[in-house]
Amino acid sequence: MTTEHRADVLVCGASFAGLAVARELAGAGADVLVVDRYEIGARATSACAAPTPWLHAMGVAGAIRRELPAMTFTTPHGTVRYRLPWSWSSFDYRELCQLLWAQCGEARFERATVSGRGGGAVASDRGPLSAPLVVDAMGWRRVLTEPHHQPHDAPLSRGLEVHPEAQGDGDALDVWVERSLVRRGYGWRVPAGAEARIGVGSYDPHQHVRRPTDALAARVDAPAVRYQGNWFPHRLRTATDGDVLYVGDSAGHCFPLSGEGIRTAFYFGIAAGRELRGVLAGAKTRERAFADYAAFHDAHAAAFRRALRLQRLVPALPPRVLALLLRALSPQPLVDRAFGWYLEQAHPRFAQATPASA
């Protein structure tokens, strides 16, 4: 094993969660090695929209392409529009990742495809990678544990979207909840400046989403071009197995019902990074830090369970009942309360909090 393949902290995965961990370790005086099979920012894995306050809190507002202060929800019985107490913003994936990486201090990056663990090290196509502190931020496959997540038997949703040009107008994140489009799931359109991101997500991993994605694009008069798809979890998994910290989709940090995973990747990545920083500073043992991170993760389980119950309930509601409920929630005080609760589950103030106060 070469010196280049040893580090104090090994972060496997260079998207939102992994970069949030590395960012939190900047200035810690540690050798942090980040590995990914692709160059940083080279392969987008999401619809690339997040709460605007989080993008400002993470210092990546320069990647914003369109701020969206509203949401619309369409059912077979009409459309309702909500003015949110905070806004979404679409952003450029590559630029955001590069802005995060610029905040990661002296961390090193190498391209490597990680395949698992063995012999006390992380196995990769670049040879074994070794560190006393290891983070799996590689997404839903949860590569560093056994058994890996595998469709179609894991608690996974699936999504696909297209990126037509010249469809970037509008100030709302649009959502469709229609069984004729997708039996258990939803469609979306996210304006993003020079393009739109139009797609469909299914809570049922057995249901293919190519046809409904094409149908939604046709409905809004957009060409179905530049496809991008991925799986995403809808149930929390354990945050550590004793040797590895799991962050982002590998820990199930994708919020059920909405399928939103960017801000939670930031949120839990920061929490994991702070625990590792405590170990590097000698303030905690590795065992204590891992236990504290697991407790932090578990403290959010009730909110994730509530969202998962809603994920199961909403597709079961008669469409007319769902339309009535959406209209009933449209008064501004109710919108503010519902979306305030939603943001509170991983609030951007956490990004500015000190480890002691967080």
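What you are looking at is a predicted structure, and each value in this text was computed from that prediction instead of being measured.

Undergrad: I'd like a rundown of the pattern of salt bridges, residues and numbers included.
TA: For side chains bearing opposite charge, pairing can occur when the charged atoms are close. A full pass over the atoms with the stated rule returns 20 salt bridges. In this structure, Arg 117 engages Asp 243 in a salt bridge whose closest nitrogen and oxygen atoms are separated by 3.6 Å. Here Asp 243 lies in the loop between strand E14 (228-233) and strand E15 (244-246) and Arg 117 lies in strand E7 (residues 114-118), a separation of 126 residues in the sequence. Since its relative accessible area comes to 40%, Asp 243 is described here as partly exposed. Put simply, Asp 292 and Arg 288 hold a salt bridge, and the shortest N to O gap is 2.9 Å. Here Asp 292 and its partner Arg 288 are both found in helix H6 (residues 286-298), 4 residues apart, which amounts to about one turn of the helix.

Undergrad: An account of the confidence of the model for the protein chain is requested, with residue identities and associated values reported.
TA: Across the protein chain, pLDDT averages 93, with 96% of residues at or above 70. For the protein chain, the element scoring lowest by mean pLDDT is E7, at 89; helix H2 (residues 52-57) scores highest, at 98.

Undergrad: Talk me through the side chain of His 300; I want residue IDs and the actual numbers.
TA: Structurally, the position occupied by His 300 is in the loop between H6 and helix H7 (301-313). The exposure class of His 300 is buried, given its relative accessible area of 13%. Among the polar contacts made by the side chain of His 300, one reaches the main-chain carbonyl oxygen of Phe 296 at a distance of 2.7 Å. If we skip the residues at most four places from it in the chain, His 300 touches Leu 236, Tyr 267, Phe 268 and Gln 345.

Undergrad: Go over the nonpolar core, please, and point to the residues and values.
TA: Core analysis: the largest hydrophobic core is formed by 79 residues, its most contacted members being Met 58, Phe 91, Leu 96, Phe 266 and Leu 276. For this core, the element with the most residues is helix H5 (residues 262-280), which contributes 10 residues. Those residues within four positions of Met 58 in sequence are excluded, and the remaining contacts are Ala 20, Arg 23, Leu 100, Gln 103, Phe 266, Ile 270 and Ala 351. If you look at the next biggest cluster of nonpolar residues, it comprises 16 residues, including Cys 12, Val 122, Val 143 and Tyr 246.

Cut-offs and rules
Counting restarts for each chain: residues are numbered from 1 in the order of the written sequence. In keeping with the predicted nature of the model, local features appear solely for residues at pLDDT of at least 70, side-chain atom pairs appear and are counted solely at 80 or more, and the whole-chain, interface and lining totals rest on all residues. Note that water and hydrogens are dropped before the side-chain values are worked out from all heavy atoms of the structure. We define a salt bridge as a contact between a side-chain nitrogen of Lys or Arg and a carboxyl oxygen of Asp or Glu at a distance within 4 Å. Note on conventions: DSSP H or I runs of at least 4 residues are helices, E runs of at least 2 residues are strands, and numbering of each starts at the N terminus. A 1.4 Å probe rolled over the protein chains alone gives each residue an accessible area, and that area as a share of the maximum for its type sets the label: buried under 20%, exposed over 50%, partly exposed in between. For every residue, the predictor states its confidence as a pLDDT score lying anywhere from 0 to 100. Polar contacts, as used here, are pairs of N or O atoms within 3.5 Å; protein pairs need one atom able to donate a hydrogen and one able to accept it. Residues neighboring in sequence count only if both atoms are side-chain atoms. Here a residue-residue contact requires only that any non-hydrogen atoms of the pair lie within 4.5 Å. Note on terminology: a nonpolar core comprises buried Ala, Val, Leu, Ile, Met, Phe, Trp, Tyr and Cys residues joined through side-chain atoms within 4.5 Å.

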